[in-house]
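# Architecture and fold: a report
In case you want the letters, here they are:
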Amino acid sequence: MGPYFISKKNLPEGEMFDSAVFTRIFKNKVIMYLFDDAAKQKRITLFGGCDEKAKNQYSKICREFDTKGVYIFCERISSQFIDNVPEDDGE
């Protein structure tokens, strides 16, 4: 999808990462693009982690994203994300 969707200019400046801002941007940019355009014909498959009744409504997918995060996507995609990054042991 490229840097157009979530570029640095869309994120607040500074050292602190604001997860609420990122979540809002991700929903408004990435999920909306996937829902409305790129995966329009594959919504049921792509949003496989969502409740069956939510897969065809953008607002419901966004609500599920608020609680499930990347696990709204099918397992093939969501399994690619790392939940817990191991700590660097200095080696």
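Presented here is a report on the structure given in the accompanying data block. (Residues numbered from 1 in each chain as written. Predicted model: local features only at pLDDT ≥ 70, side-chain atom pairs only at ≥ 80, totals over all residues. Heavy atoms only, no water.)

Moving on: the overall build of the chain. Across its full length, the chain carries four helices and zero strands. Listing every helix and strand of the chain by position from the N terminus yields α-α-α-α. Per-residue burial over the chain gives 30% buried out of 91 residues. Residue pairs in contact within the chain that sit at least 24 positions apart in sequence constitute 41% of those at least 6 positions apart. Taken as a whole, the chain presents about 7,100 Å² of accessible surface, with 51% of it coming from carbon and sulfur. (Helix = DSSP H or I, 4+ residues; strand = E, 2+ residues; numbered from the N terminus. Buried < 20%, exposed > 50% of the residue type's maximum accessible area, 1.4 Å probe, protein only. Contact = heavy atoms within 4.5 Å. Areas by Shrake-Rupley, 256 points an atom, 1.4 Å probe, with all protein chains shown as cover.)

Here we come to the packing of aromatic side chains. Applying the stated criterion to the full structure yields four aromatic pairs. Considering the side-chain rings of Phe35 and Tyr58, the 5.9 Å spacing of their centres and the 50° angle between planes classify their relative orientation as tilted. Residue Phe35 is located in helix 1 (residues 19-38), and its partner Tyr58 is located in helix 3 (residues 58-68); the two are separated by 23 residues in the primary sequence. A network of ring pairs unites the aromatic residues Phe22, Phe26 and Phe65 as a single cluster. Over the ring of Phe35 we find Arg43, and its NZ or CZ is 3.7 Å from the ring centre. (Phe/Tyr/Trp six-rings, centres within 6.5 Å; stacked < 30°, edge-to-face > 60°. Lys NZ or Arg CZ within 6 Å of the ring centre and 35° of its normal.)

As a packed pair, helix 1 and helix 3 sit with axes 11 Å apart at the nearest point and diverge in direction by 135°. By the criterion of interaxial angle, the relationship of helix 1 to helix 3 is oblique. Of the two possible hands of crossing, helix 1 and helix 3 adopt the one that is right-handed. Contacts between helix 1 and helix 3 involve Thr23, Phe26, Lys27, Asn28, Ile31, Met32 and Phe35 on the former and, on the latter, Tyr58, Ile61, Cys62, Phe65 and Asp66. Looking at the contact of helix 1 with helix 3 residue by residue, the classes come out as eight nonpolar, two polar and two charged. (Axes fitted to C-alpha atoms, helices over the stretch in contact; angles between N-to-C directions. Parallel < 35°, antiparallel > 145°, perpendicular 65-115°, else oblique. Left-handed = near helix turned anticlockwise from the far one by under 90°. Nonpolar A, V, L, I, M, F, W, Y, C, P; charged D, E, K, R; others polar.)

Moving on to the side chain of Lys55. By secondary structure assignment, the location of Lys55 is in the loop between helix 2 (43-46) and helix 3. For Lys55, the side chain forms a polar contact with the side chain of Glu52, separated by 2.8 Å. Once residues within four sequence positions are removed from consideration, Lys55 is found in contact with Phe35, Arg43, Ile44, Phe47, Gly48, Cys50 and Ile61. (Polar contact = N/O pair within 3.5 Å; in protein donor to acceptor, adjacent residues only side chain to side chain.)

This paragraph deals with the pattern of salt bridges. According to the stated counting rule, one finds three salt bridges in the structure shown. A salt bridge links Asp66 to Lys27; the nearest nitrogen and oxygen atoms lie 2.7 Å apart. On the criterion of sequence distance, the pair formed by Asp66 in helix 3 and Lys27 in helix 1 is long-range, its members being 39 residues apart. In this structure Asp66 comes out as partly exposed when scored by relative accessible area, which is 47%. What makes Lys27 buried here is its relative accessible area of 15%. One salt bridge connects Lys55 with Glu52, and the closest N-O pair in it is separated by 2.8 Å. (Salt bridge = Lys/Arg side-chain N within 4 Å of Asp/Glu carboxyl O.)

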